Structures are given as structure tokens and as C-alpha cells.
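Tertiary structure, described
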Amino acid sequence: MLSDNVNRIVEARVSDPGAVAAAAARRVRSTSLLGEHSKAMIIAADHPARGANGVGGDPTAMADRFKLLDRLCVALERPGVTGVLATADILDDLLLLGVLDGKSVFGSMNRAGLAGSVFEIDDRFTGYDAETIAAMRFDGGKMLTRIALQDPATPSVLENTARAVDELNDRQLIALVEPFLSTWQDGRVRNDLSTDAVIKSVTIASGLGRRTAYTWLKLPVVNDMERVLAASTLPALLLGGEVTDPDAAFASWGKALKQPTAQGLVVGRSLLYPSDGDVAGAVDRAVSLL
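Residues numbered from 1 in each chain as written. Predicted model: local features only at pLDDT ≥ 70, side-chain atom pairs only at ≥ 80, totals over all residues. Heavy atoms only, no water.

A closer look at the side chain of Thr-195
In plain terms, the rule: Put simply, DSSP H or I for four residues or longer makes a helix, DSSP E for two residues or longer makes a strand, and each gets a number counted from the N terminus. The contact criterion used is simple: two residues touch if any of their non-hydrogen atoms lie within 4.5 Å.
Mapped onto the elements, Thr-195 comes out in helix α7 (residues 195-206). If near-sequence neighbours (up to four positions away) are discounted, Thr-195 is found in contact with Val-222, Asn-223, Asp-224, Arg-227 and Val-228.

Some words on the packing of aromatic side chains
Operational definition: Under the pairing criterion, centres of Phe, Tyr and Trp rings, with the six-membered ring standing for Trp, must be within 6.5 Å; the plane angle then separates stacked pairs below 30 degrees from edge-to-face pairs above 60, leaving the rest tilted. Working definition: with a 1.4 Å probe on protein chains only, accessible area under 20% of the residue-type maximum means buried, over 50% means exposed, and in between means partly exposed. Only when the NZ of Lys or the CZ of Arg is both within 6 Å of the ring centre and within 35 degrees of the ring normal is a charge said to sit over the ring.
For the structure on display, the rule yields two aromatic pairs. Aromatic side chains Tyr-128 and Phe-138 sit 5.8 Å apart centroid to centroid with 80° between the ring planes, which places their arrangement in the edge-to-face category. Within this pair, whereas Tyr-128 is found in the loop between β3 (104-108) and α5 (130-135), its partner Phe-138 is found in the loop between α5 and β4 (140-147), the two being separated by ten residues in sequence. Across this residue pair, the class does not change: Tyr-128 and Phe-138 are buried. The ring of Phe-250 has Arg-285 sitting right over it, with the charged end atom 4.3 Å from the ring centre.

Re the packing of helix α9 (residues 246-256) against helix α11 (residues 279-288)
Quick note on the threshold: Axis lines are fitted to C-alpha atoms, over the contacting stretch for helices. Their N-to-C directions set the angle, which ranges from 0 to 180 degrees. Note on angle classes: values under 35 degrees are labelled roughly parallel, values over 145 roughly antiparallel, values of 65 to 115 roughly perpendicular, and the remainder oblique. Amino acids outside the nonpolar list (Ala, Val, Leu, Ile, Met, Phe, Trp, Tyr, Cys, Pro) and the charged list (Asp, Glu, Lys, Arg) are all regarded as polar, and Gly is one of them.
Close contact between α9 and α11 brings their axes to 10 Å; oriented N to C, the two are set at 30°. If you check the angle between α9 and α11, you find them roughly parallel. Two secondary-structure elements touch here, α9 through Pro-246, Asp-247 and Phe-250 and α11 through Ala-282, Arg-285 and Ala-286. A per-class count over the contact of α9 with α11 returns four nonpolar, no polar and two charged.

Observations regarding the pairing of strand β2 (residues 83-86)
Threshold: Strands are labelled as partners when DSSP assigns at least two bridges between them. Crossovers are described as right-handed under a simple rule: with the strands pointing away from the observer, the path leading from the first strand over the helix to the second runs clockwise.
A two-sided burial pattern is seen for β2, the buried positions comprising Gly-83 and Leu-85 on one face and Val-84 and Ala-86 on the other. By the bridge criterion, three bridges tie strand β1 (residues 40-44) to β2 in an arrangement that is parallel. The partner of Ile-43 across the bridge, within β2, is Val-84. In terms of handedness, the path from β1 via helix α3 (residues 65-76) over to β2 forms a crossover that is right-handed. The sheet contact formed by β2 and β3 spans four bridges and is parallel. Residue pairing in the sheet places Ala-86 in a bridge with Gly-107 of β3. Crossover connection from β2 via helix α4 (residues 88-97) to parallel β3: handedness right-handed.

Structure, rendered in C-alpha cells:
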């Protein structure tokens, strides 16, 4: 099955590049961002475009595109999964495979802040733009917005995020903003996951753009999520991150989902690459929290 899928994708890309646009045009769109549980369950797979291919002890786990696509197909087939978030290369592959019918689709917009680079905070928009997201009949775009108060690149990050928020809101598409308060430590960017820092990032992100009717937040699950989710009335999706203790992570996700602004989960590596290798089981467990 894996080799068959790869052959289909490569054949289309070589002999019929227009097949991607055709697949996007005929795709059956989701009728709601929220599934039967009235919560979203979105699978994230935009990590490789930022050079973040590692999972656990394997630094190149997500670099095998064939296996990543296979895992994505398994995840998207599970009951309760409502959508996917990825860059154009991956979404084009999934369109060619015909697995996005009835799913919400979010395009990842800014991926220039490569993991481990000296310019990591300067996360310019190198992926989707609002015009293409609309043309592809997707549901929204996601932007990573790291706010480093000591880094002079931060104002341009905020400006570019605000512009994307405006352009998506103008088209009545979801602007999914993922904010972090970040610092440089020993030559690397570290996201501050203390409760007060996450709250501060929420209040900054919530004010970006001239319209917020279609703005949602993508937030980490940290201590005292009641305070975090009380910092804005914008709908929030909870991100999973890389999980080292699955039981603790699932418990914290379940508790946070009870807050009124929490509208679901956006989880990638911990579901696509669970420690036991059971993608379907990990996805089903996450869906059960909804």
C-alpha cells in the first residue's frame, strides 16, 4: 500500500502537475470545523519544513516522507479526526491520495525560522499565503509567532503575523495563531512555558490584526490552564508538542478541554510517532478526550 501511494504521487507530479489543483477543486469540504463531539481533532505535520524532523531519540524520524504519509493516512482514517495542518508539499500529497474529503484543512504559513538557526526568531512567511489558502478551498492558515523581547526580529514577526491575520479574516478564513514568549539560551531559542509567560503571549497574540472575528489561538498545555484560557475570548486549540509521559499528557489535555474557549486539539508527533508505534491507538485515545 505504501509503495502504491508513493507511485501514484510521483506519477502525478511528473506527468500531470495539474492533478493537485483538480483534486483540491473536487475535494468534499468539511461542513464544520468541529466534529461529532463538538471539538476539533487536527493532526499536525508541518514540522519537517522547519527542519524539525526529530521525534524522541530519532533525529530524522519525520524525514522519511513515505512513512510520514502512511502514518498520516492512518490517522486521518480514524473516527473523530476532523482535520490536518501541514505545508503545501504534504497537503498536495494528501490531496493526490484523496484522503482529505470531509476534513478541515489548515495551511502552514511561516516556516523560515529553521530549528537551531541563528535566525530562528525571524520566522518569515515562506509557505502558504491567504490567497492560495482561499484558492485551494482550505479552512484557514496557521502562523507560528515567537515573541522574543530581546531580539530585534520580533517586531517584523508581529507585523507579518498581523498582516496574515488581516488577510485571512478578510476572506472569512480561520487565522490560527500559535504564540510563544521565547528567549535565547546558549545559542538556542527556548519557549517559556511558565503560566505567566503563556498568558502574556496570549494577550499579545489576541490583539494582532484589525479584525479578529476569524482568529483562533493554538496554545500549549501548561500549568493552570484556567488562567491561560481566561486571558482571551478567542477560540483555542490545544497543541500536544513532544510527549514524554503519555498518561500525564492525556490527563492534562482532558482537563484543559473542559474550559469554555478550548475547542479541541492540534497534535502531531505524539500521535503520529507514539512510543509503542500504534498510530491508530494513540489517535483513538486522543479522540476519546473530546
